[in-house]
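Descriptive structure summary
So you can see what is in the structure, the chains are spelled out below.
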Amino acid sequence: RDECPPPDGSTPSSWRWRYPNLEELLARPPRRRPNLHRYLADKDPIVAANAAIALARAGDDSGRNRLADAVRSPTTSDPMRCAAVEALAALRGPPVVRLLWELIDQYGRREPPDGSNYDRSNYKANLHAELIRGLARHLDPADDPRFVEALRSRAPEVRLAALEAWSAGRRGTL
């Protein structure tokens with residue numbers, strides 16, 4: 001994992017969630033890469049998720065729904081789920097924002113009431129933080145109440161992601 005958030009038009013080394021084999025694949029000239037589109041329908045969800053992440057990092061949004069599926073899958077590892085969020089957030093357009101809203105509403109609002117053991121619930125603090133970072137690439141924090149809700153999280157990584165979003169925001173005050 002790299003601690004640098006991916007700027008628009010990022011290079012493989014600037015992604016937060018990194019995997020050397022994926023980076024090597026994307027470093028190849030496009031003509032020497034496999035046809036990743038055919039892997040989006042692979043029966044192995046890990047293969048399909050990796051194809052969708054690679055396509056998104058290359059600017060191709062054809063795997064957008066597959067990325068959301070990878071985030072929703074409880075059998076997908078947390079780092080891969082976060083990489084899928086990061087790749088999804090790198091894409092543009094209203095469908096991406098709608099998916100991020102849906103995923104935050106599903107995975108960012110179910111903290112255990114006593115703040116204990118996030119892993120026993122559907123809530124994942126690192127996933128919530130990545131979703132907040134992703135949404136911040138599309139919306140100013142002043143325009144969406146999910147950023148204020150994230151500031152109230154018991155998880156420090158979620159609060160930090162929300163603070164980062166607010167500090168980069170262009171409108172409103174915290």
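Everything quoted here is computed from the prediction, not taken from an experiment.

**Some thoughts on the overall build of the protein**
The secondary structure content of the protein amounts to eight helices and zero strands. Overall, the protein shows an N-to-C arrangement of helices and strands of α-α-α-α-α-α-α-α. Taking the contacts inside the protein whose residues are at least 6 apart along the sequence as the reference set, 56% of them involve residues at least 24 apart. Only carbon and sulfur atoms are counted for the fraction: they give 51% of the accessible area of the protein, which is about 9100 Å².

**Some points on helix α8 (residues 156–168)**
Helical geometry note: an α-helix holds 3.6 residues per turn, so side chains three or four residues apart project in the same direction. For α8, with 13 residues, the first-to-last C-alpha span of 18 Å sits near the 18 Å given by 1.5 Å per residue. Among all positions of α8, only V158, A161, A162, A165 and W166 are buried. End-on view of α8: buried residues confined to an arc of 135°, all on one side of the axis. Relative to its buried face, α8 has exposed residues pointing more than 90 degrees away, namely S167 and A168. Structurally, α8 contributes buried residues whose contacts are with α6 (125–136) and α7 (145–151).

**What about the nonpolar core?**
Membership of the largest hydrophobic core comes to 48 residues, with the highest contact counts inside it found for I53, L67, L88, L100 and L131. Of all elements in the fold, only α1 (20–27), α2 (45–57), α3 (64–72), α4 (78–90), α5 (94–107), α6, α7 and α8 reach the threshold of two or more residues within this core. Ranked by residues supplied to this core, first place goes to α4 with eight residues. In this view, L88 contacts R64, L67, V96, L99, L100 and L103; residues no more than four positions away in its chain are not counted.

**Thoughts on the confidence of the model for the protein**
Looking at the protein, the pLDDT average stands at 84 and 83% of residues meet or exceed 70. No element of the protein has a lower mean pLDDT than α1, at 85, and none a higher one than α3, at 96. Throughout residues 1–12 the model reports pLDDT below 50, and contacts reaching past four residues in sequence, or to other chains, amount to 25 contacts. Here residues 117–121 is a poorly scored stretch, pLDDT under 50, and it has 10 contacts once near neighbours within four places are set aside; other chains count.

**A few points about the packing of aromatic side chains**
Going through the model one piece at a time under the given rule, you end up with zero aromatic pairs. The cationic tip of R81 hangs over the ring face of Y107; the distance from NZ or CZ to the ring centre is 5.2 Å.

**Topic: the layout of surface pockets**
Put simply, the largest pocket is a space of about 400 Å³. What lines the largest pocket is a set of 21 residues, among which R133, A136, R137, A165 and A168 lie closest to the centre. Within the residue set of the lining of the largest pocket, elements represented by two or more residues are α4, α6 and α8. By volume, the second largest pocket is sized at about 170 Å³. Forming the boundary of the second largest pocket are W17, R18, Y19, L22, N50, I53, R57, S77, P79, M80 and A83. Listed by contribution, the elements that provide at least two residues to the lining of the second largest pocket are α2 and α4. Residue classes in the lining of the second largest pocket are distributed as seven nonpolar, two polar and two charged.

**Comments concerning the pattern of salt bridges**
Throughout the structure, instances matching the rule amount to 12 salt bridges. The partner of R64 in a salt bridge is D61, with the nearest N and O atoms 3.2 Å apart. R133 is the salt-bridge partner of E130, the closest N and O atoms lying 3.4 Å from each other. Taken together, the residues E130 and R133, both in helix α6 and three residues apart, mark about one turn of the helix. There is no split in this pair, since E130 and R133 are both buried. One continuous salt-bridge network, built from bridges that share partners, spans R16, E130, R133 and E164.

Reading the values: the criteria
Residues numbered from 1 in each chain as written. Predicted model: local features only at pLDDT ≥ 70, side-chain atom pairs only at ≥ 80, totals over all residues. Heavy atoms only, no water. Helix = DSSP H or I, 4+ residues; strand = E, 2+ residues; numbered from the N terminus. Contact = heavy atoms within 4.5 Å. Areas by Shrake-Rupley, 256 points an atom, 1.4 Å probe, with all protein chains shown as cover. Expected span 1.5 Å × (residues − 1). Buried < 20%, exposed > 50% of the residue type's maximum accessible area, 1.4 Å probe, protein only. Arc of directions from axis to C-beta. Core = buried A, V, L, I, M, F, W, Y, C linked by side-chain atoms within 4.5 Å. pLDDT = per-residue confidence, 0-100. Phe/Tyr/Trp six-rings, centres within 6.5 Å; stacked < 30°, edge-to-face > 60°. Lys NZ or Arg CZ within 6 Å of the ring centre and 35° of its normal. 1 Å grid on protein atoms, 1.4 Å probe; cavity = no way out; pocket = protein on both sides within 12 Å on 5 of 7 lines; lining within 4 Å. Points joined across faces, edges and corners; volume = space filled by probe spheres on them. Nonpolar A, V, L, I, M, F, W, Y, C, P; charged D, E, K, R; others polar. Salt bridge = Lys/Arg side-chain N within 4 Å of Asp/Glu carboxyl O.

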